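# A structural walkthrough
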Amino acid sequence: MLGASSEMTENEVQMKDDALKMVRAAIKAVDPNVAVRDRLRIKWDEDQPMLVAKEGRDAGRELLYDLSDYDNIRIISFGKASAAMALASAEVLSNSLSQSSIPVPKVDGVVIIKDDHATDEEIKTLNDNNIIVRSASHPVPDARSVAAANEVLELASSSDARTLIIACISGGGSALFCSPRDPLTLEDLMSTNSRLLESGMPIEHMNVIRKRLEKGKGGRLAATAYPATVLTLVLSDIIGDPLDLIASGPTVPDDDSGWDDAVRLVDEYGLNASGRHELPKSVLDLLQKGRDGELDDTPKSSHQAFSVSETILVGNNDASVMAAAEEAEKMGYNPVTLGTRIDGEASCVAGTYIAMAEMLSRQRNDGVNMKYPIAALPVALIAGGETIVTLPPGCYGKGGRNQELALSAAMKMHEMGLSDVVLASVGTDGTDGPTDAAGAIVFGGVVNDETINDAKEALKTHDAYTFFHEAKGPKSLVMTGPTGTNVADICITLVR
């Protein structure tokens, strides 16, 4: 029925509540505080404290660090989950070592947080553990990002063989930990970051370029810290969990990319001279010099720093998706996990989800041949990953990929006349684009005959936030506030 009412059906009211409960379960499952404590502990071997780092929640290898080998433990943390990860690491150490009768390593460190991504209590507790907290900008770095990154690099370079560095890294770290490589300036990197975002380039491709423009990325932090031992704890925000790309891989070898790859991506995405998203000349010149062999590249596995460096994944999008599916099952839905590698243009991905929902909804109609349904109603389609939005130059719309996906889905529901279908698309970090919303939740009546033209204009100008904010009826924007975690996005489509 085209022109569906903007009022929610009784089912949709309940489904909206159900979807938000699933979102909360998904985010809770990747709470960085819990994730770190699940992987890190102190055990005593007679009178000697040993730090144990466990690779998996259940089975998996264990890394053992005899703390008598170290005079200092330094906690370095950056990313959207940096405060919680650093705090959990510090408390694992302090709770076990504070009452020790033997000398134990001194703890210090630096944490770089996104603005407003740590509570006053978290900051105070970190300070009490001799860990400095610095705020910086995301997604575009600022002068504070550079100052904080240089502070981290100085701390790393002052470390010796009797230092254990615990590096806590999460999504968003690329912008927060940002120190330009000579002769580049912060303005060069800020402009580059904006052009990369405009181009619609996936985050994994962005980081191939970013790591060649800075002093600490692409394994250079580990190289700077050598001969210190480095243990890295990673909360992944990238599809497939490539450790060399999360926050641009500051502590892992960069074996899978080089200058040639960076230059190829510049050409492919119109970032070259006279391209649609042209990068600063200084950046293009540096990339060309690197390709010509005039500059050193990022360190590879053969670098001696990686003989004393280990990395453990503590959380990812898969854990979030599985938690949402478990919650859906408890509520009586038949969950279908569509995967954790969903990418592509947000508006196109939305069309696929709603096409699947429309097919499932046909089960309501007697006599319709549904010989091979994905699942019996009610169904929860659950997907994880990270879509993109390609912005044209000079675009000033307000929104994010999750809001754009939700708006596109609502328009498709209106086109198909769907009811009793609800879609929620949310960033697990609580921030979708440069807005205060985590994403949006929509049903068939969010877009109707009266608002369809406004919806089309909002999609064209990438202004989904404004459309949802000004829309009458049930609120669509999902406001979680900063969650303290970041494992990309989750999308839940419910069909009754």
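Structure first, text after, so check above.
Below you will find a few notes about this structure. (Residues numbered from 1 in each chain as written. Predicted model: local features only at pLDDT ≥ 70, side-chain atom pairs only at ≥ 80, totals over all residues. Heavy atoms only, no water.)

### What about the overall build of the chain?
For clarity, the threshold we go by: For helices the rule is a DSSP run of H or I covering at least 4 residues; for strands it is a run of E covering at least 2, with both sets numbered from the N terminus onward. In this setup the radius of gyration rests on C-alpha atoms only. A globule is expected at 2.2 Å times the number of residues raised to 0.38. Burial here depends on accessible area, computed with a 1.4 Å probe over protein chains only, as a share of the maximum for the residue type. Under 20% is buried, over 50% is exposed, and the range in between is partly exposed. Only heavy atoms enter the contact rule, under which two residues are in contact if any of them lie within 4.5 Å. Here, Shrake-Rupley sampling with a 1.4 Å probe gives the accessible areas, and only protein chains in the shown set may cover a residue. When charges are tallied, Lys and Arg are placed among the positive residues and Asp and Glu among the negative ones, while His and the ends of the chain are skipped. A charge is said to be at NZ when it belongs to Lys, at CZ for Arg, at CG for Asp and at CD for Glu.
A tally of regular secondary structure across the chain gives 16 helices and 15 strands. The C-alpha atoms of the chain give a radius of gyration of 24 Å, which matches the 23 Å a tight globule of 496 residues would have. Each of the three principal axes of the chain carries a C-alpha extent, and together these read 75 × 60 × 40 Å. The buried share of the chain, reckoned over its 496 residues, is 55%. When contacts within the chain are restricted to residue pairs at least 6 apart in sequence, those whose partners lie at least 24 apart make up 79%. Roughly 20,100 Å² of accessible area belongs to the chain as shown, and the carbon and sulfur atoms make up 48% of that amount. Of the side chains in the chain, 46 bear a positive and 73 a negative charge, and the two mean positions are spaced by 1 Å.

### With respect to unusual backbone geometry
Of note, the amide linkage connecting Asp182 to Pro183 takes the cis form, showing an omega dihedral of 5°. The residue Pro183 is located in the loop between α6 (173-176) and α7 (186-199) in this model. The amide bond that connects Leu377 to the next residue, Pro378, takes the cis arrangement and shows omega of -5°.

### Here we look at the nonpolar core
A general trend in soluble globular proteins is that nonpolar side chains are found buried together. Applied cut-off: Definition of nonpolar core: a set of buried residues of the types Ala, Val, Leu, Ile, Met, Phe, Trp, Tyr and Cys, connected through side-chain atoms within 4.5 Å.
Membership of the largest hydrophobic core comes to 62 residues, with the highest contact counts inside it found for Ile382, Leu407, Leu423, Val442, Val447 and Phe468. Other than its neighbours up to four places away in sequence, Ile382 contacts Val321, Ala324, Ala325, Ala328, Pro335, Val336, Thr337, Leu338, Gly339, Ile490, Cys491 and Ile492. In terms of nonpolar packing, the next biggest core, distinct from the first, is built from 38 residues, Val36, Tyr65, Ala81 and Val314 among them.

### Points about the pairing of strand β7 (residues 163-170)
Rules: When DSSP locates at least two bridges between a pair of strands, those strands are taken to pair.
Burial runs high along β7: eight of the eight residues are buried. Neither face of β7 is exposed, since Thr163, Ile165, Ala167 and Ile169 on one face and Leu164, Ile166, Cys168 and Ser170 on the opposite face are all buried. As defined by bridge partners, strand β4 (residues 72-78) adjoins β7 across seven bridges and the pair is classed as parallel. Bridge pairing in β7 places Ile76 opposite Ala167. Pairing of β7 with strand β8 (residues 229-235) involves seven bridges; the strand directions are parallel. Looking at the pairing, Ser170 lines up with Leu235 of β8.

### Describing the side chain of Thr192
For Thr192, the position within the fold is in helix α7. What makes Thr192 buried here is its relative accessible area of 3%. Discounting chain neighbours no more than four positions away, the residues touching Thr192 are Leu213, Leu279, Pro280 and Val283.

### Some thoughts on helix α12 (residues 317-330)
Here is the rule we go by: Between the first and last residue of a helix there are one fewer steps than residues, each counted as 1.5 Å, and that sum is the expected span.
When the terminal C-alpha atoms of α12 are compared, their 20 Å separation across 14 residues agrees well with the 20 Å that a helix rising 1.5 Å per residue should span. Every buried residue belonging to α12 is among Asn317, Ser320, Val321, Ala323, Ala324, Ala325 and Ala328, and all of these are buried. Turning to α12, the residues buried within the fold contact α1 (10-28), β10 (334-342), β11 (379-385) and β15 (489-495). Gly332 sits one or two positions beyond α12 and adopts a positive phi of about 100°.

Honestly, it's all geometry; don't read function into it.
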